[in-house]
Structures are given as C-alpha cells and as structure tokens.
Amino acid sequence: MRGYMGKILRIDLTNEKIKVESLDQTIARSYVGGRGLGSYLAYREIAPKVDPFSPDSSIYFITGPLQGTLTPFTPKFVIINKSPLSGSLSRSVCGGGGFGPGLKYAGYDAVVIKGKAKKPVYVLIDDGKVEIKDAQKYWGMTTGETQSAIKKDLNDNSVSVIPIGPAGEKLVRFSGVIVSSRAAARGGTGAVMGSKHLKAIAVRGAKSVCVADIGQFRKLLEETYTTIRENPAVAKRIELGTPGTVAVSYSSGILPIMNFSRSTFEGIQGLMPEMVRDTLYIHNESCFGCPIPCGKLGFIKDGPYKGTVLPGPEYETIGLLGSNCGISDIRAVAQANYLCNEYGMDTISTGSVIAFVMECYQRGLITDKDTDDMKLKFGDPEIVMTLIEKIAHREGFGNLLAEGTKRVSEVIGQDSHKFAMHSKGQDFAAYDPRALVGMGLMYATATPGANHSFGPTLTAERVGLKDMLTHKEKGKLNRKEQNKYCLQDSMIFCSFSRFGMDERQQLRFTNAVTGWNYSDEEATLIADRIYTLERLFNVREGFSKADDNLPWRCLNEPLPDGPAKGNTVPLDRMLKDYYEERGWNQDSGMPDQETIERLGLSDLVSEYR
Ligand code: SF4
C-alpha cells in the first residue's frame, strides 16, 4: 500500500495488551485515512450510549496517506473520540510537534487506545517497538513541562510527545492535547486521555513512506511551491497570522462581543492585527515542514504579565478570551492563552463558559455566593485568569465551569439557556451567526456541534455569494464546505493549504502518493459517505433534528448594532434545503435508506446497529 504503513496499533491499558493489525486496503480506499478512517473505526467499535470516560470507549490517533511524504501542509494528525461535552462523535486536528509524520516513521498509520491504566502511564512508540511506561512522575505537570521532561528522560529532543495537562487529568470536559503550541482540544480529547490515566504518547522512528508516482509527485511539488511564491496573500498571512482575520470579522459584525450580545466594542483597537503584531510577536513558527510559517512566538514585554513567552494567540482565542469576555488588552488575552495551553484546555470553550457566567452575573442569575465571592464583570482580566486556574484544577466555582457551558446553564436554570452559546454542547467559535448565517447552519449541523472547522463558510459567503445575511444557497454551500473539510481531514491537509492549493490539487497529491486515481466524483461520494456515517453515529446515540439547533439568542434576539443590526438566523429554512442536499429525512434528520445504500453504508449500519 503506497502512502500507508499498513498497520494499526491497538493498546488496551486495562490489561496492558498491545496488538498490531493490518490496515484493510478496501477500507483505506473507501475512507482515505484521518477523520474518515477514524469515524469508520469508531462507528464499529464504540458501543452505543457508552460513557466517553468509560474504559470501554476508545480514542483514535490517526494519520493519512500523505503524512511523512513531505507533501506541503500535511504535518497534522487527527484524534477521533466520543466527546464528553456533547456525547457526539468528535474529531480534532493538530499539527504540533511532528506527531503525524512521526507516527508513520515509527511504523503505524493509527493508534487506538482503550481501557484504563491502574496508574498514570505514557505510551512510547519507538521505531515499531511499543512500551507502556510509568508516568506517575509527570502527573500534575503542565503540557510544556511534560514534553520537556519526557524528552529529557529519553535523552532525545527530537522525539514527538503529545501530552495532556492538569485539566485533562481532572476531566475538564473541554481539555485537550496541546503540543508545541498547537491544540487538539475541541472534543475533550484531554479529558478522555485523562480518564484512561494516559498522560502522553511519544513517537520516533526512521521508516519511510512509499510514494506511488514520484515523477508526478515532484511535478505537483513544483506547481504548489510556485503558487505559494506567487500568491500575494501568503506574505500577509505570514506577517499577521490568523489574527489578521480580526479586522475583517469585526468590520462585518461577526466578531463575538460580550457573550455574543452585540457587535460593537469600544476596546477593539487593542485587538487589531497590527496591534497584536507590534505588541507581541518576536518570530514566526511553522508546523513540521510547512512552507507557510503562520504561527507566532510572542513575548509579553510589559505590564502585569511581563516576561511570559507564548505561542499565538490565534484568531479564535482573541475572539473568545478577548472581545467575548470584554477584554481589550492583547497582553491579557495572551496570558490567558498561555495558561490554557499549559493547563491543557480549549481556549474557545474556556472563553465561552467564562463569558456566559459573566452575563449570568450581570443579569443577577448568579451572585457572589455562587462565584466564590468573585464579581464577574466583563472586561476584568484578573477574573479571567482566576477562573482559568479554578477550572483547570476544578476548584470551587471552577468545578462547575469545567462541565462546559451547556451543563452550567442547566444548573443555573432561569432561562439562561437562551444565551448559552453552544450547539449540541459544543461552544460557538468566534463567528456570530446572525452576521454570517451560513455559519449558523454549519454550527447546527456539524457532527460535534458548533465546531468552526467542520466547513466554515466565511470566505465563501464573503467572497463568493456576497450574501451573509439570508438563507439563500446556504444548504448547498454547507454541504459543499463540509464535504471539502471532510476530505481535507481524511487526507489530512491543513485548512490553510488554500494559500497554496485547491481541492483538486489535494486530490492529485493523494493520487500521486497512493496510486488510487480517485476521480472528483469518487471524492464527493467519499465525503458524503464519511459525513453521513458520522451522522449515523450520532443518530445511534439518540441525536435527531431537534439537536440541529442554535441558542434562542441567535433565532429570536436580533443583533442590536453593527453591520448586521436587526438580523437573526433563518435556521428552519436553511435546514430544509440542507437536508434535501444531503438526502436526509425532513422530519427526523435521519439519513434516508436510499442515501445509506447509495453511499455503500448498508452493511455497516445493519451490522453495528
Ligand atoms: S499553514 Fe500554519 S497551521 Fe497550517 S501547517 Fe502551516 S504552520 Fe501549521
């Protein structure tokens, strides 16, 4: 099998059994790798209604055919698990530390971990040899400390380590894996690892990945590097990174302000891209082998957080821990980002739950008695820092917040669900759907809930349709964008590969590496198959059309100001078009039998009901 190592590593931590099985060629061709392969395995192996923290639930670390080939924009790997936030299937993608290519070089396409170790452990995959090692001395360490300590103990700075922090150990539902400043955190990956007493996985190896058509591969490389050199947007992306999006997002009314209650913010100048660049950046950083170093290393030069060295912050973090909490000092956002990274928490859900309780406090739904005597005011950086510490350690009020916005709103009650900004329990990213309604449909229908990276519509709506405020064409657009991301996550290209190639070029690379000659039609069929299979996983868990929903605020409370003033999200109308596009039932949201058969899923569905 060109592009693949042909092996899946399976580890049961309960009885310390290690097994290697062959990767089935037909399955690899039908699901490609990454998200597709992981969703297929999870559908077969995670029993319906199993608790995400149960030893019986598995977590999947998966590569695709391109990792390790030096195809541009492919340093990433995918984690698939059942989300402790939403109970749905979840996928996270991470490019840090070279783990994706490293796993291939160590000899495996995927690692599947189930069970629960008696005491903290980490897994070392060393050029094919696998060990379950004692990790008691690392338990309690931050993500940065864990990476350094394991590298030091192995006497190898080049080993790739993906760790969790204290938040994952404490089962904070939005904790994740943070590696070399990059996060795979949105689906509670850290908590699932913590529930298994799994502190980290470390990989190294010297095997190579075979490419089917090396001549074509070289030609594609030349084309792609030429495109990157000639694309004027690349220099801007390298200069500003993802924070460059803040300006366009704010001017379109999309950036969330104070728990998505408005679109204008007096402190916005403090968060603008040039301010972020001039205040923080010291140099650019890239993921393993990437030609566009969009990451930033920052340094806080003055003020109360002086001396902190940190990666980022990225756009989503500025939106959620900055404007959404009313914070206008980028140094405070950076410090909050640093704490979340070290404790191992998703900055999006952390900012979202903090902004939510700030609004609850402002409305008098909770008081000092509930908040450990803290006065939760929007715009107070110290409150944000204190809450992050408390959440990470599940201390006092932080123990409740560690459950995530949906569960917190259920405890607070008093109609607070109306402004709890999540879908299926997954917090909104930094896009207010009232100013970008296609994104609202994406939040409502994405497999794990409101995850921005399941087919964001920002570029297509702004540049292509130029219509961000109505239902028109959003059903079709969402299927197209979701499918694009589905394939991208299965071949495992970074979503910023758009700066150097389009979907066709991605497919050409995959064909050159695997020799499979996927046609455009087959690629669309595979994307539909994977997305529908994820849907079927959720249906088996009890999800239905009622869960393809948005908070009351988005549907009933028009934006009070900004460019989208007066707009709400026309969700019902968009859902109708979307279900039609997908071949899903209009009343239940369940894939039609005809769709299941067309996508070749009938046998799988009848065998694993
Ligand atoms: S474009 Fe940025 S995020 Fe994507 S692989 Fe390159 S450095 Fe990493």
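Residues numbered from 1 in each chain as written. Predicted model: local features only at pLDDT ≥ 70, side-chain atom pairs only at ≥ 80, totals over all residues. Heavy atoms only, no water.

Chemist: What's the story with the pairing of strand 14 (residues 295-299) in this structure? I'm lost.
Modeler: The two faces of a sheet get side chains in turn, since along a regular strand they alternate between them. Within strand 14, four of the five residues are buried, which leaves it mostly tucked inside the rest of the structure. In the sheet, strand 14 pairs with strand 15 (residues 309-311) via three bridges, with the strands oriented antiparallel. Pairing of Phe299 across the sheet is with Val309, part of strand 15. (Buried < 20%, exposed > 50% of the residue type's maximum accessible area, 1.4 Å probe, protein only. Helix = DSSP H or I, 4+ residues; strand = E, 2+ residues; numbered from the N terminus. Pairing = 2+ DSSP bridges.)

Chemist: How do you make sense of the domain arrangement of the protein when you look at a structure like this?
Modeler: Interfaces are often sized by the amount of accessible area the parts lose when they come together. Each domain of the protein was delimited in the assignment, giving domain 1 (7-204), domain 2 (233-414) and domain 3 (437-499 + 519-607). Put simply, the middle of domain 1 and the middle of domain 3, counted by C-alpha atoms, are 27 Å apart. On the side of domain 3, 34 residues touch domain 1, which itself brings 39 residues to the contact. Here domain 1 and domain 3 share an interface that buries about 3100 Å² over both sides, 59% of which is from carbon and sulfur atoms. Between Arg35 and Glu534 there is a salt bridge whose closest N-O contact spans 2.7 Å. At the junction of domain 1 with domain 3, the criterion picks out 17 residue pairs in polar contact (both at pLDDT 80 or more). Sorting the residues of the side of domain 1 that touches domain 3 by element identifies helix 1 (25-31), helix 2 (34-45), strand 4 (77-82) and strand 5 (89-94) as the ones contributing at least two each. Ranked by residues supplied to the side of domain 1 that touches domain 3, first place goes to helix 2 with eight residues. Looking at the side of domain 1 that touches domain 3 residue by residue, the classes come out as 17 nonpolar, 14 polar and eight charged. (Domains from an automatic or database assignment. Contact = heavy atoms within 4.5 Å. Buried area = accessible area lost by both parts, 1.4 Å probe. Salt bridge = Lys/Arg side-chain N within 4 Å of Asp/Glu carboxyl O. Polar contact = N/O pair within 3.5 Å; in protein donor to acceptor, adjacent residues only side chain to side chain. Nonpolar A, V, L, I, M, F, W, Y, C, P; charged D, E, K, R; others polar.)

Chemist: In this structure, what is going on with the packing of helix 12 (residues 330-343) against helix 14 (residues 381-393)? I would like to understand it.
Modeler: For any two helices packed against each other, one specifies the crossing angle of their axes together with the interaxial distance. Packing of helix 12 against helix 14 leaves a shortest axis separation of 10 Å and a crossing angle of 5°. Judged by the angle between their axes, helix 12 and helix 14 are roughly parallel. Counted together, Ala332, Gln335, Ala336, Leu339, Cys340 and Tyr343 of helix 12 and Pro381, Val384, Met385, Ile388, Glu389, Ala392 and His393 of helix 14 form the full contact between these two elements. Looking at side-chain class alone, the contact of helix 12 with helix 14 contains 10 nonpolar, two polar and one charged residues. (Axes fitted to C-alpha atoms, helices over the stretch in contact; angles between N-to-C directions. Parallel < 35°, antiparallel > 145°, perpendicular 65-115°, else oblique.)

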